[in-house]
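Given next are the chains, with one letter for each unit.
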Amino acid sequence: MRYVIRSSRLAAFAACLFVVAAVVGACGSSKSSSSSASTSAGTTPSSSATTATGAPKTGGSLTVLELGGYAGAWPTGLDPATNVNGAADQDQMNSIFGQLFQLSTGGHVTPDLATSATPEKGGTTWRIALRPGLKFSDGTPLDAAAVVSNWKRDLANPCTCKPILPPVKSITAPDSTTVLLSMAAPDGAFQNQLLVANLNWIASPTAIKSMGEQAFKIKPVGAGPFTVVSDTLSNTLALKKNPNYWESGRPYLDSLTFKATADDESALEALQSGGAQAYDGMATPSLVSTYKSHFTTTEQPATSPYDIQLNTAAPPFNNKNARLAIYYATDAAIIDQKLFGNQFQVVQGFTAPGGLFYYPNVPGYPAYDINKAKSLVKSLGGLNVNFFTLASPVNQNFMEALQTLWKGAGINTSIHLYSLAGLIQQFDTKKWQAALQTAGAWDPAAGVGLGFRFLSQSPFSGVHDPKLDALILGGQAQVNPTARDQTYQKAAQYIAQNADGPFLFPLASWNVAVHGVQGPGLTTVIPSVVVNTAPLWQDVSFTQ
Amino acid sequence: MSSTSAPLSAPLAARAGRARRLASSPTLSFIVRRLLAAIPVLLGVTFLSFVVMNSLPGDAAQELLGAQATPAEIHQLEIKLGLDKPFLTRYWDWLHQAVIGHLGHSLSSGQSVASILGSDLPVTFELVGFAFVISLALAVPLALVSARKPNGVADRLSMMFSMAGLSIAPYVLALVLVYVFAVKLNVLPAIGWVPPGQSVWQNIRYLILPAVSIGLGLLCFYTRLLRADLLEQMQGEDYVVTARAKGVRPWRVLTRHALRNSLFGLITVVALNLGTLLGFTVVIEDIFGIPGIGHELLQAIDNRDIPVIEGIVFVFAVIVVLCNLAADVLYSVLDPRIRYGRPTE
């Protein structure tokens, strides 16, 4: 090129640009630093329990960000029977349909549209009592017949958004407010399973019939605190207050909008610019302090610990010594320290501090011991591991940290990162060796719980052991919480003693709200039933 | 058919004459030839995208049913969706339907692909159009100012600006722009979109940052391209020397004579850029939460929603082909010496 720009002038220009940007930044930061000063006073560190404590104000519009690809994705619409992403879309679904039961502050199951769930006949039958006089937002009654119609439709759908229950024998409505569900085997966890299942959301059968399923999934009708104004799939869901909502004075908000956001950084900028007032499910530990300096940022109790799944049906992990070598070579505490600054609780079982049946120490758990690991690897003549997981930056860091640790014990690891479809294909081969996954749920019998990773018949299990199957299914079947607890303790010990797969720690997610917004699950602690905590949107409000 | 026909009335004869002239128009025959040549291009594009999507692990049934689905459930849904049919059969079925104007239905949402395109394409068109307007409206004056006095202060500043702009990826620029204009200055929104029917002013406000994110790179590229072409015209062409000898002012020579000739290269590049620009929308729409076709394409790829992907790819290909054709036709409008189908003198 004829007209060469001298590098010194280019550098000068770049410096000018930098100065302009810095001045612009400084102009803005004076405003934000004053706000962050007021913020930090109101923000409690780490697991900030309750921060916004003003009296609730009726009215106002709230825009909530949801991570695109997860909670911000509803590609199949919002019909409970067909929304395959339903477990992730709890915010949207709960807002439109309400819930039969909900998980409230402190991790207590409380009634919403239903008033009680009672096990009968040893847990093979469940009697659900509905709140009398309920109406859908289209004015039709939400009665037992509507629940029966919904449940039959949900269970008949091939979608795995339905719960995994023992075979259902019948669903009946003996009167207008009672539903009876009869199963072929006892299920003591049924009420807890509702919280992660589409059975918890009741759609208007009249609306489904009159609108047709196609239109209904785009603009569904329920009896929740809000009704749908507009719905652009996986982008924006605009809702307005349901004037016929059963609870007087609720919801507080006039309108609620859910918007998909690309990532945690984009969400931060959107919140800072005033484009949104809340973000559900921030999950980047390195951004926590930035979020906390500007917003009420509440760490929600995690319920699903990471575990290293080992395929006990194929070499090398059909050999218990190879499995033990992985246990002894895995130092979860050092990974937590180096990658996450000791933010999370290292566990030895399939539950986490936020969930039910949590055991900090499991007797017989093979704890980190590098010398034992080295000795076992030597006795095996070396150990090479194909290790895979779902592709994500956090998972990749995790895998590389484990690879380094294991290398110290002489274990050679090759890492493979897959999309969800690729991951499922790996499991389908049945020849996989080791995988980094999350195991567990708020209740081990619900969602992607214990059975999903350890039950023989699960396509995503690495263990095929009838004794463990009996313990897992026994824990689900028992109605008595104490008996369930004892059974799950035995299951945790059995997994440890057989070295079926080491556990690491659960990653938390954070719910974020601008100052002046409060609500259960948003600015208070509610355990996550799946990955994110679902705030109770009918109770979310601006403060006076 | 009778060999003798009744004499045509005068208006009919005139109309027939016009039709004959039109049919024998070299430009029209050029357009027809190009459109016919586009058919194998479109077939190739749709076939290749079909091959690529089918080469990826997993399918829509697996994505729809989620991680807990058993192989039997997945197979059952594959049969229902027709995904169990051989690859070529599925492509043929899609092509056959597409030819008669039926692009099928989304495997995820059940919406017709035509309705998805109908709702999302206008959003993307508006974004892309806005980006083009910004880039061209600024590139032409910047290039003119640069070319007026090569190596002068304005030229050097303009070149440094364009060098910097070309070095920044659109998604990085998007984050920087949001930080400065939405977070710090709080003058423009960081996320979302407002339909023009709801508020034209808000619609423009929401489009500025995404359009600039896409358009800045183009602006810089166009500026450099046009400046180089203008300088070449100004320094080596006889008509410029003649104009100067006649006493025409340099600025007038630049804007009235050199610019018109330099626009050819720019038009070609603008037309070719359209494909790239549509590609940028995939990332930018996701960052800004804009419900356009790029966002839809990303979702469809995630969900292995082949009818939606094929529909979008097909429409993108048609748009690129048509824009290239329009650029070629525009040559003849800008330069009367060019008449397609006539021998060059």
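This one's a predicted model, so the numbers in the text were calculated from it and none came from an experiment.

**Q** Whenever I open this one, the overall build of chain B confuses me. Can you help?
**A** Secondary structure summary: chain B contains 13 helices and 0 strands in total. Along chain B, helices (α) and strands (β) appear in the sequence α-α-α-α-α-α-α-α-α-α-α-α-α when read from the amino end. Whereas a compact globule of 345 residues would reach a radius of gyration of roughly 20 Å, chain B reaches 26 Å, over 25% beyond that. Along the first, second and third principal axes, the C-alpha atoms of chain B reach 85 × 80 × 40 Å. Taken across its 345 residues, chain B has 46% of its residues classed as buried. When contacts within chain B are restricted to residue pairs at least 6 apart in sequence, those whose partners lie at least 24 apart make up 73%. Just so you have it, chain B exposes about 17,200 Å², and 67% of that area is on carbon and sulfur atoms. Averaging the locations of the 26 positively and 22 negatively charged side chains of chain B gives two centres separated by 19 Å.

**Q** Even after reading the chapter, I still don't get the overall build of chain A, so can you show me in this structure?
**A** Helix and strand counts for chain A stand at 16 helices and 21 strands. Each of the 544 residues in chain A was classed as buried or not, and the buried ones make up 58%. When contacts within chain A are restricted to residue pairs at least 6 apart in sequence, those whose partners lie at least 24 apart make up 70%. Of the roughly 19,900 Å² of accessible surface on chain A, 56% is carried by carbon and sulfur atoms.

**Q** Looking at this structure, I do not really get the pairing of strand S2 (residues 61-67) of chain A. What am I missing?
**A** Along any regular strand, the residues point their side chains to alternate faces of the sheet. All names here are of chain A. Burial analysis of S2 places 5 of its 7 residues in the buried class, the great majority of the element. Of the strand pairs in this sheet, S2 and strand S11 (residues 255-261) are connected by 7 bridges, and their pairing is parallel. By the bridge assignment for S11, serine 61 is matched with serine 255.

**Q** Please explain the side chain of Gln102(A) as it appears in this structure.
**A** By the element assignment, Gln102(A) lies in strand S3 (residues 101-104). Reaching out from Gln102(A), the side chain makes a polar contact with the side chain of Gln538(A) at a distance of 3.2 Å.

**Q** How should the sheet that holds strand S13 (residues 296-300) of chain A be read in this particular structure?
**A** Remark on secondary structure: sheet strands pair via backbone hydrogen bonds, oriented parallel or antiparallel. All names here are of chain A. Pairing in this open sheet of 7 strands is mixed, and the strands run S9-S10-S11-S2-S12-S19-S13 from one edge to the other. The open sheet terminates on both sides in strands that have one partner only, identified here as strand S9 (226-232) and S13. Put simply, the sheet's adjacent strands are angled 20° from each other on average, direction ignored. Note: S9 against strand S10 (residues 236-241), 6 bridges, orientation antiparallel. Looking at the pairing, aspartate 231 lines up with leucine 237 of S10. Sheet strands touched by helix H7 (residues 264-272): S2, S11, strand S12 (278-282) and strand S19 (509-513). Its angle to S12, the strand with the most contacts, is close to 160°.

**Q** How should I be thinking about the pattern of salt bridges in this particular structure?
**A** Side chains that carry opposite charge are capable of pairing whenever their charged atoms lie near each other. Residues and elements named next belong to chain A. Evaluation of the coordinates by the stated rule reveals 7 salt bridges over all chains. Arginine 250 serves as the salt-bridge partner of aspartate 539, at 2.6 Å between the closest nitrogen and oxygen. Here arginine 250 lies in the loop between S10 and S11 and aspartate 539 lies in the loop between strand S20 (517-518) and strand S21 (541-543), a separation of 289 residues in the sequence. Connected via shared salt-bridge partners are Asp79, Arg153 and Glu213.

**Q** Sorry, what's going on with the packing of aromatic side chains here?
**A** The relation between two aromatic rings is expressed through the spacing of the ring centres and the mutual angle of the planes. Residue and element names in this part refer to chain A. The final tally for this structure, using the stated rule, is 31 aromatic pairs over all chains. Ring plane angle 50° and centroid distance 5.8 Å describe the contact between tyrosine 245 and tryptophan 246, whose orientation is recorded as tilted. For tyrosine 245, a relative accessible area of 7% puts it in the buried group. A relative accessible area of 29% means that tryptophan 246 is categorised as partly exposed. Arranged with centres 5.4 Å apart and planes meeting at 25°, the rings of phenylalanine 398 and phenylalanine 505 form a pair that is stacked. Placement of the pair is phenylalanine 398 in helix H12 (residues 393-407) and phenylalanine 505 in strand S18 (residues 503-506), with a sequence separation of 107 residues. Grouping residues by exposure puts phenylalanine 398 and phenylalanine 505 together as buried. Among the aromatic side chains, those forming a connected cluster through ring pairs are Tyr306, Phe340, Phe344, Phe398, Phe505 and Trp510. Lying over the aromatic face of tryptophan 246, arginine 131 brings its terminal NZ or CZ to 3.8 Å of the ring centre.

**Q** Can you help me understand unusual backbone geometry in this one?
**A** The general pattern is negative phi for most residues beyond glycine and trans for most peptide bonds. In this chain, Arg250(A) is followed by Pro251(A) through a cis amide linkage whose omega measures -10°. Within the secondary structure, Pro251(A) is located in the loop between S10 and S11. Here Pro315(A) and Pro316(A) are connected by a cis peptide whose omega angle stands at 0°. With respect to the element layout, Pro316(A) can be found in the loop between strand S14 (305-310) and helix H9 (320-329). For Asn186(B), which is not glycine, the phi dihedral falls at a positive 55°. Assignment of secondary structure puts Asn186(B) in the loop between helix H8 (170-184) and helix H9 (200-236). Of note, Arg304(B) is a non-glycine position whose phi angle comes to about 55°, a positive value. You can see Arg304(B) is positioned in the loop between helix H12 (293-302) and helix H13 (306-334).

**Q** Hey, could you run me through a nonpolar patch on the surface in this one?
**A** Residue and element names in this part refer to chain B. On the surface, Leu28, Val32, Leu36, Ile39 and Leu43 cluster together into a nonpolar patch covering about 410 Å² of accessible area. Position of leucine 43 among the secondary structure elements: in helix H2 (residues 26-55). For leucine 43, a relative accessible area of 36% gives the class partly exposed.

**Q** It is not clear to me how a positive patch on the surface should be interpreted in this structure. Could you clarify?
**A** Residue and element names in this part refer to chain B. A cluster of basic residues, Arg15, Arg18, Arg20 and Arg21, forms a positive patch on the protein surface. Note on placement: arginine 18 falls in helix H1 (residues 10-23). When its relative accessible area of 48% is taken as the criterion, arginine 18 is described as partly exposed.

**Q** Teacher, can you tell me more about helix H7 (residues 153-167) of chain B here?
**A** One full turn of an α-helix is made of 3.6 residues, so residues set three or four places apart face in the same direction. For H7(B), spanning 15 residues, the distance from its first C-alpha to its last is 21 Å, which sits close to the expected 21 Å at 1.5 Å a residue. Among all positions of H7(B), only Asp155(B), Arg156(B), Ser158(B), Met159(B), Met160(B), Ser162(B) and Gly165(B) are buried.

Here is what the cut-offs are and how they apply
Residues numbered from 1 in each chain as written. Chains lettered and ligands numbered in written order. Predicted model: local features only at pLDDT ≥ 70, side-chain atom pairs only at ≥ 80, totals over all residues. Heavy atoms only, no water. Helix = DSSP H or I, 4+ residues; strand = E, 2+ residues; numbered from the N terminus. Rg over C-alpha atoms; globule rule 2.2 N^0.38 Å. Buried < 20%, exposed > 50% of the residue type's maximum accessible area, 1.4 Å probe, protein only. Contact = heavy atoms within 4.5 Å. Areas by Shrake-Rupley, 256 points an atom, 1.4 Å probe, with all protein chains shown as cover. Lys, Arg positive; Asp, Glu negative; His and termini not counted. Charge placed at Lys NZ, Arg CZ, Asp CG, Glu CD. Pairing = 2+ DSSP bridges. Polar contact = N/O pair within 3.5 Å; in protein donor to acceptor, adjacent residues only side chain to side chain. Axes fitted to C-alpha atoms, helices over the stretch in contact; angles between N-to-C directions. Salt bridge = Lys/Arg side-chain N within 4 Å of Asp/Glu carboxyl O. Phe/Tyr/Trp six-rings, centres within 6.5 Å; stacked < 30°, edge-to-face > 60°. Lys NZ or Arg CZ within 6 Å of the ring centre and 35° of its normal. Patch = residues over 30% accessible without salt bridge, like charges linked within 9 Å, V, L, I, M, F, W, Y side chains within 5 Å. Expected span 1.5 Å × (residues − 1).

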